[in-house]
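# Survey of secondary and tertiary structure
Residues per chain, in single letters:
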Amino acid sequence: MSDAAAPSDAACDSPCADALETLSLGHEQTRALAAECRRVARHCSTSGDPAMQELAEALCRAIHRMAALEEELFFPAARAALEASQLVDLAELEHATARQIIRQLQQARPGEPRYEALVLALTECVERHARHEEAQLFPRLRESCLDLDALGQQLNERLASQDDDLFTVEERRLRQRAAAL
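Attention here is on the structure that accompanies the text. Note that this is a predicted model, so its numbers are computed, not measured.

Thresholds applied
- Residues numbered from 1 in each chain as written.
- Predicted model: local features only at pLDDT ≥ 70, side-chain atom pairs only at ≥ 80, totals over all residues.
- Heavy atoms only, no water.
- Helix = DSSP H or I, 4+ residues; strand = E, 2+ residues; numbered from the N terminus.
- Buried < 20%, exposed > 50% of the residue type's maximum accessible area, 1.4 Å probe, protein only.
- Areas by Shrake-Rupley, 256 points an atom, 1.4 Å probe, with all protein chains shown as cover.
- Salt bridge = Lys/Arg side-chain N within 4 Å of Asp/Glu carboxyl O.
- Phe/Tyr/Trp six-rings, centres within 6.5 Å; stacked < 30°, edge-to-face > 60°.
- Expected span 1.5 Å × (residues − 1).
- Bend = angle between axes of the 7 residues up to and from the residue.
- Core = buried A, V, L, I, M, F, W, Y, C linked by side-chain atoms within 4.5 Å.
- Disulfide = S-S within 2.5 Å.

### As for the overall build of the chain
Helix and strand counts for the chain stand at 6 helices and 0 strands. When the helices and strands of the chain are placed in sequence order, the string is α-α-α-α-α-α. Expressed as a percentage of the 181 residues in the chain, the buried residues total 43%. Per element, the accessible surface of the chain, about 9,600 Å² overall, is 50% carbon and sulfur.

What follows is the structure, encoded as structure tokens:
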């Protein structure tokens, strides 16, 4: 059967979801930390609350892990699979923005009003990035029929090679403690 016989708007079948599911799970977990940061910011009486600082640090670590995974494996494959790489360019720019906010956050003191503002800006950056990839980039990759099964295997191997999963036991404990506030 020739490729010309397939409708141009038909999505690629089965193997395409694996890499995207792995990245979506990472987005979901990072978004959960971001949501906890926002919740703690709304409910804490002091801007120097230790729960906020611990959650913000956990969010920064999670962002660094996901960004490394995407930048090393996902973005190069996505760029090669798509004729128009503007979607990947935007995702890379969002990573650079998150890193810039993280650098500023690391230089701020938790008791400063600026610290909480930076944490909230970082949570917005996380949300915007995940929405962009899931709504625009992922569907284009499904249509491209990039071997997302093989890419998913690479992503999962890289995650498994880390000493911990995307969120360590400590980070889960912090999220649970913050949820109890």
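So, next bit.
### A few points about the pattern of salt bridges
In this structure the tally under the stated criterion is 8 salt bridges. The shortest N-O distance in the salt bridge between Arg39 and Glu36 comes to 3.3 Å. Taken together, the residues Arg39 and Glu36, both in helix α1 (residues 17–43) and 3 residues apart, mark about one turn of the helix. The exposure class assigned to Arg39 is buried, which follows from its relative accessible area of 17%.

### Section: the packing of aromatic side chains
Tallied over the full model, the rule gives 2 aromatic pairs. Arranged with centres 5.9 Å apart and planes meeting at 50°, the rings of Phe74 and Phe75 form a pair that is tilted. On the basis of relative accessibility, which here comes to 0%, the residue Phe74 falls in the buried class. Assessed through its relative accessible area of 1%, Phe75 is described here as buried. Measuring from centroid to centroid gives 5.9 Å for Phe74 and Phe138, while their planes differ by 85°, and the two rings are edge-to-face. With Phe74 in helix α2 (residues 50–81) and Phe138 in helix α4 (residues 113–144), the pair connects residues that are 64 residues apart, well separated along the chain. Both residues of the pair, Phe74 and Phe138, count as buried. By way of ring pairs, the aromatic residues Phe74, Phe75 and Phe138 are connected into one cluster.

### Some words on α2
Taking 1.5 Å of rise per residue, 32 residues should cover 46 Å, and α2 covers 44 Å from first to last C-alpha, within 8% of that figure. At Glu71, α2 shows its largest bend, some 45°.

### Brief notes about the nonpolar core
Counting residues in each nonpolar core, the largest one holds 26 residues, and the members touching the most others are Leu59, Ile63, Leu105, Tyr115, Val119 and Leu122. For this core, the elements supplying multiple residues, two or more each, are α1, α2, α3 (86–107) and α4. Ranked by the residues each element gives to this core, the list is headed by α2, at 9 residues. One finds Leu69, Leu73, Leu87 and Leu148 within the second-largest nonpolar core, a separate group that totals 22 residues.

### Focus: the state of the cysteines
Summed over the entire model, instances satisfying the criterion amount to 0 disulfides. With no disulfide of its own, Cys37 lies closest to Cys60 among cysteine sulfurs, the gap being 8.1 Å. Its relative accessible area of 0% is what places Cys37 among the buried residues. Since its relative accessible area comes to 8%, Cys60 is described here as buried.

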